Amino acid sequence: MKNIVVRFCGDSGDGMQLTGNMFAQLAAEMGNEISTLPDFPAEIRAPQGTLGGVSAFQVELGHEVYTSGDKADVVVAMNAAALKVCTLGSHFNHPQAHFDEEFSLYHRHAIVIVDTDSLSDKDLEKAQFHTSNPFEELGIPETVQIVPVALTTLTKEALKPSAVSHQPSEKAESSFNLDNKAVLKCRNMFALGLIYWLFDEPMEKAIHLLEEKFKKKPALVAPNTKVMVDGYNYGQNLALNVQQVHIEEPSAISHQNSAESSYTSIAGNKATAWGLIAAAEKAGKRLFLGSYPITPATDILHELAARKDMNVMAIQAEDEIAGVCTAIGAAFAGDLACTSTSGPGLSLKSEAIGLAVMAELPLVVIDVQRGGPSTGLPTKTEQTDLLQALYGRNGECPAVVIAASSSANCFDFAYEACRIALENMTPVILMTDTYLANGTALWRIPKLAELPEIKPQGVPEELKGHYNPALRDERGVRYWAFPGMEGYEHRNIGLERDATRGTISTNPENHEQMVLARKHKIEQIADRIPDLKVMKAHGEQRMDECLLVGWGSTEGHLHAAANELGCDLAQFNYICPLPKNTHEVLSRYQRIIVCELNTGQFAAYLRSQFPDIQIEQYNEIQGQPFAVERIVNFVKSIVD
């Protein structure tokens with residue numbers, strides 16, 4: 001097989017995120033491209049075994065991987081509720097629903113591994129089954145290979161007290177001094193070992209990976225290793241009447257000199273944090289993050305707080321406003337200043353971002369979008385903050401807006417956000433989202449020397465002694481002097497300043513001049529960003545008159561859809577300002593279909609910039625990434 005999609009699902013306490021991450025990481029280390037989708041509820045943990053508590057992790061692996069997959073080829077269901085949710089998809093709450101390939105999270109030729117120990121009458125009742133045969137009640141077709149495995153019993157058997165073990169403590173029920181609750185927590189490792197057998201993965205590497213995962217809890221290494229190996233051997237010895245899955249030689253590394261490059265899997269939030277660190281190192285600046293915890297952006301704060309060895313200063317402020325204000329103070333002091341948040345926090349930071357625009361200070365604002373409005377769907381993904389990022393401030397308040405388009409290139413665009421901010425003395429809003437932040441992808445680890453130069457804006461020597469904050473270079477960018485620079489003392493303000501002297505001004509003509517100066521400063525950045533590139537579709541089928549358009553995290557899904565349709569794709573990472581050739585590209589096509597996870601915010605923005613261009617839309621707002629199949633069906637329907 002070229003690509004395959006695997007979905008791990010179970011109760012929120014079954015370790016599905018850990019299991020999926022370990023499988024994805026080993027797949028990446030073996031040279032596969034990967035894309036993952038952690039999918040878990042936002043609520044405080046629901047009662048065990050209920051439909052509301054199902055947590056899942058989906059990964060597509062192979063080569064030319066663009067998404068985490070529409071539907072799974074292999075499913076591991078740890079309990080009855082997980083089986084029901086995977087089988088019925090969004091219809092899992094409908095009492096009369098049956099398997100329907102349109103809604104199911106796996107296709108009709110999938111392999112479904114089920115823990116038979118979790119199908120007792122009590123388990124079925126919790127999952128709202130009405131009969132004792134869940135497979136028949138769900139209408140699962142015979143083409144689906146159901147693989148029943150007594151995961152719980154086999155895990156207990158693997159960890160039962162050994163006759164040669166040391167005397168266990170009173171609470172212990174296994175030779176590894178684990179009580180019954182801890183033994184049951186190892187079930188996911190038995191399932192993982194079984195999946196490793198199914199994919200013929202090398203157990204030595206898997207064991208090493210497990211040891212790394214549990215290096216801070218060494219007492220858990222031996223029992224989890226034992227259970228994982230037993231799961232592998234169970235598949236090996238019984239063969240389970242399931243054919244092992246072999247993926248074609250992956251192309252991600254084989255097409256490059258692997259001796260000169262290192263690869264790993266990386267989550268979007270970690271990639272973002274590392275991009276900020278790399279930019280600070282390249283620019284010769286100290287990195288400062290002023291932030292407040294908010295799902296799904298908190299991991300950026302966690303990662304940077306642990307990087308004191310890289311001269312990073314991270315402060316958990318008392319609220320969102322304090323977080324951005326401390327960052328503005330750091331920017332005034334000459335640091336690379338950043339703040340991270342999600343949609344609700346971006347709205348709280350808006351007044352302070354306006355201060356950074358007026359004071360013309362470099363500031364990186366990272367918005368990891370989630371479902372809204374208000375508290376909304378904090379663990380689900382959307383692209384609904386775009387207009388807020390573009391216009392959500394009082395007054396004429398322009399800022400740069402860019403967007404990452406994969407978990408891996410969150411590194412690149414975090415780095416790029418820092419470059420633009422430092423070189424142009426402006427706030428830059430970097431848009432990612434839950435899908436990118438929590439998902440992982442194969443990432444080539446760059447060398448610092450390979451990264452583009454960052455030349456922070458300075459101040460000419462000849463201005464020493466008569467510097468004021470209104471002075472600009474030939475691009476219209478304000479000079480950057482900061483405390484401690486003798487002869488460059490000045491006062492920066494949030495009030496309008498005189499265009500020449502830098503003092504407070506309420507002059508009407510001066511205000512208009514300054515508004516236009518700040519607007520021009522953002523517009524000129526278009527001269528130093530890449531042109532918009534059009535991705536040409538593979539395949540014999542052609543739909544040359546049609547262009548799919550997207551921005552941010554939808555790139556993989558639109559790329560796969562464009563290949564299937566035979567049409568071209570333009571994916572935007574630079575949004576304000578837009579690439580200079582945007583109008584020229586759009587004007588080549590008869591039909592332009594903008595696809596986004598909102599009601600049409602980018603489409604509206606493009607119409608406002610290019611009123612002569614006819615634009616059509618495809619939109620979803622379900623808290624989930626696009627399904628490639630639905631995009632393809634929509635485009636075919638309107639073109640036909």
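This structure is a prediction, so every number in the text was calculated from the model and none was measured.

Describing the overall build of the chain
Consideration 1: Across its full length, the chain holds 21 helices and 20 strands.
Consideration 2: Compactness check: the chain gives a C-alpha radius of gyration of 27 Å against a globular reference of 26 Å for 640 residues, within 12% of the reference.
Consideration 3: Seen through its principal axes, the chain has C-alpha atoms that stretch 85 × 65 × 50 Å.
Consideration 4: Residues classed as buried in the chain amount to 58% of the 640 residues present.
Consideration 5: Within the chain, residue pairs in contact and separated by at least 24 positions form 75% of the contacts whose partners lie at least 6 positions apart.
Consideration 6: Of the roughly 27,100 Å² of accessible surface on the chain, 51% is carried by carbon and sulfur atoms.

A few points about the sheet that holds strand β17 (residues 568–572)
Strand pairing in a sheet relies on backbone hydrogen bonds, with the paired strands running either antiparallel or parallel.
Consideration 1: Ordered in space as β15-β17-β16-β19-β20, the five strands form an open sheet in which the pairing is mixed. On the outer flanks of this sheet lie β15 (534–535) and β20 (616–619), each paired with one strand and no other.
Consideration 2: Bridge count between strand β16 (residues 546–551) and strand β19 (residues 591–596): four bridges; the pairing is parallel. Bridge pairing links L547 to I592 in β19.
Consideration 3: Packing of helix α21 (residues 628–639) onto the sheet brings it into contact with β16, β19 and β20, and relative to β19 it is tilted by some 150 degrees.

Comments concerning the state of the cysteines
Consideration 1: As enumerated under the stated definition, the model contains zero disulfides in all.
Consideration 2: Counting only cysteine sulfurs, C418 is the nearest neighbor of C338, a cysteine outside any disulfide, at a range of 4.7 Å.
Consideration 3: Judged by relative accessible area, which is 0%, C338 ranks as buried.
Consideration 4: The structure places no disulfide on C410, whose sulfur is separated from the nearest cysteine sulfur, that of C418, by 13 Å.
Consideration 5: What makes C410 buried here is its relative accessible area of 1%.

What to know about the side chain of S405
Consideration 1: Among the structural elements, S405 can be located in the loop between β12 (400–403) and α15 (410–424).
Consideration 2: Here S405 falls in the buried class, since its relative accessible area comes to 5%.
Consideration 3: Within the structure, the side chain of S405 is placed 2.9 Å from the side chain of E555, a separation counted as a polar contact.
Consideration 4: Filtering out sequence-adjacent residues up to four positions away, S405 remains in contact with L436, G552, S553, E555 and N573.

A word on the domain arrangement of the chain
Consideration 1: Partitioning the chain into domains gives domain 1 (4–237), domain 2 (264–450), domain 3 (457–529) and domain 4 (534–639).
Consideration 2: Here the C-alpha centroids of domain 1 and domain 2 sit 34 Å apart.
Consideration 3: Contact residues are listed per partner, giving 17 residues for domain 1 and 11 residues for domain 2.
Consideration 4: With both sides pooled, the region where domain 1 packs onto domain 2 buries about 1,100 Å², and carbon together with sulfur makes up 55% of that total.
Consideration 5: For the side of domain 1 that touches domain 2, the secondary-structure elements that each account for two or more residues are α1 (16–29) and β2 (33–39).
Consideration 6: Looking at the side of domain 1 that touches domain 2, its residues break down into eight nonpolar, seven polar and two charged.

What counts and what doesn't
- Residues numbered from 1 in each chain as written.
- Predicted model: local features only at pLDDT ≥ 70, side-chain atom pairs only at ≥ 80, totals over all residues.
- Heavy atoms only, no water.
- Helix = DSSP H or I, 4+ residues; strand = E, 2+ residues; numbered from the N terminus.
- Rg over C-alpha atoms; globule rule 2.2 N^0.38 Å.
- Buried < 20%, exposed > 50% of the residue type's maximum accessible area, 1.4 Å probe, protein only.
- Contact = heavy atoms within 4.5 Å.
- Areas by Shrake-Rupley, 256 points an atom, 1.4 Å probe, with all protein chains shown as cover.
- Pairing = 2+ DSSP bridges.
- Axes fitted to C-alpha atoms, helices over the stretch in contact; angles between N-to-C directions.
- Disulfide = S-S within 2.5 Å.
- Polar contact = N/O pair within 3.5 Å; in protein donor to acceptor, adjacent residues only side chain to side chain.
- Domains from an automatic or database assignment.
- Buried area = accessible area lost by both parts, 1.4 Å probe.
- Nonpolar A, V, L, I, M, F, W, Y, C, P; charged D, E, K, R; others polar.

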